[in-house]
Amino acid sequence: MIDISWYEALGLADIAAKVADGTRLSIEDGERLFACPDVTAVGALAHHARTRLHGDKAFYVINRHINYTNICINGCLFCAYSRERGQEGAFRLSLDEILAKATEGPAPAEIHVVGGCHPEIPLAFFEEMLAALKRALPDTELKCFTAVEIAHFARLEGIATSDVLARLKRAGLAMMPGGGAEIFAPEVRTRICPKKSTGEEWLRIAGEAHQTGIPTNCTMLYGHIETVRHRLEHLDALRRRQDETGGFVCFIPLAFQVKNNLLGLSEGTTGVEDLRTIAVSRLMLDNIPHIKAYWIMLGVKLAQTALLFGADDLDGTVVEEKIGHMAGADSAAALSRGDLEAMIRGVGLTPVQRGARFDAKEAAS
Ligand code: V47
Ligand code: SF4
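Residues numbered from 1 in each chain as written. Chains lettered and ligands numbered in written order. Predicted model: local features only at pLDDT ≥ 70, side-chain atom pairs only at ≥ 80, totals over all residues. Heavy atoms only, no water.

Pairing within the open sheet is parallel, and its three strands lie in the order S2-S3-S4. Looking at the sheet topology across the chains shown, the edges are occupied by strand S2 (63–67) and strand S4 (141–144). Taken over all neighbouring pairs, the strand axes of this sheet differ in orientation by 20 degrees on average, direction set aside. Relative to S4, strand S3 (residues 110–114) runs parallel, the two being bridged by four bridges. By the bridge assignment, isoleucine 111 is partnered in S4 with leucine 142. Packed on one face of the sheet, helix H6 (residues 123–136) meets S3 and S4 and runs near 155 degrees to S4. (Pairing = 2+ DSSP bridges. Helix = DSSP H or I, 4+ residues; strand = E, 2+ residues; numbered from the N terminus. Axes fitted to C-alpha atoms, helices over the stretch in contact; angles between N-to-C directions. Contact = heavy atoms within 4.5 Å.)

In structure tokens, the structure reads:
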């Protein structure tokens, strides 16, 4: 139940009424939620929306992240992870090294594989990688490659992105992660990632993946040079794409980690800003089922709190993470299933172990 008198006092009764009856919020509604002095009031609305979708369930996955290379031709200015070829710290894993990482513990439900846009790894390598992973781990879902990598593979091969997607799906790709979206607005992109696919191209490839039968996640990198309006326009673009193709499974707001960037930024986001961004995302994205509190970027305690501010998923065990940690994220490298379940139970919710596409794996014990 939404306590309308609380929202009347805040001048947000009309928005609370929209949330109560499931009416889509406008960008201007989103701006008012960002401006509301009481973040707990915004969080309570988002919790109402997430409870309507998921009851008392909160999700996690037994997964493993693998980064196959940090060599990248894009050189995004916010990215602490990428290196040029030959630069100190540059790496590229062989197929055997990828397989060794994938199979080093018990089989995960999901393997998340992404990398930089390497100037010469051919598409055939990734087809072989997917087939080899599938042979080694037949029950593991392969969630690999962002829309930016797909655009890069297509350019290297001189073929259409739809052909890249079809070939990767045939080789065993089940799902794509949501990275590379950053902020779609061209005036932001030209300043933070001028060489990367445009926002329009990212959205086009996501839609193409959905039409090829590959569901994807989607992300937003916030807390750098963007404005609140840019965030809301980004969310609106995602939900319009979702109206058309329906293939987004989960949205992940990525809090910018500030160490080692070329943007000259040194102030990270605050916890309150993170919670507000998660809450407004839940309220705006009325057609995307899941919102992830990615503990790697948020830290464990804030990710847990975010489960009461609109998020319904914690991602997973992860095992090894480089992108956030090279930018100063001070979270642990990995969490256990027990840690994730305790985080969820600690806020009075029921843990549900899921697969990459959020199919339930088993009832939590
Ligand atoms: O695309 C890069 C972001 C993304 C920084 O789909 C940074 O389930 C914060 O997309 N601070 C990769 N973020 C991570 C990603 C992801 C992670 C977990 C789950 C899923 C999923 C997707 O990380 C990049 C970029 O947007 N990023 N540098 C940084 N300094
Ligand atoms: Fe390359 Fe991705 Fe880093 Fe940009 S964010 S430089 S595309 S690895």
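We are not done yet, so read on.
We now examine the packing of H6 against helix H8 (residues 161–171). As a packed pair, H6 and H8 sit with axes 8 Å apart at the nearest point and diverge in direction by 25 degrees. When the axis of H6 is compared with that of H8, the two are roughly parallel. Between H6, through Leu123, Ala124, Phe126, Glu127, Leu130 and Ala131, and H8, the contact on the second element is made entirely by Val164, Arg167, Leu168 and Ala171. Among the residues forming the contact of H6 with H8, the class breakdown is eight nonpolar, no polar and two charged. (Parallel < 35°, antiparallel > 145°, perpendicular 65-115°, else oblique. Nonpolar A, V, L, I, M, F, W, Y, C, P; charged D, E, K, R; others polar.)

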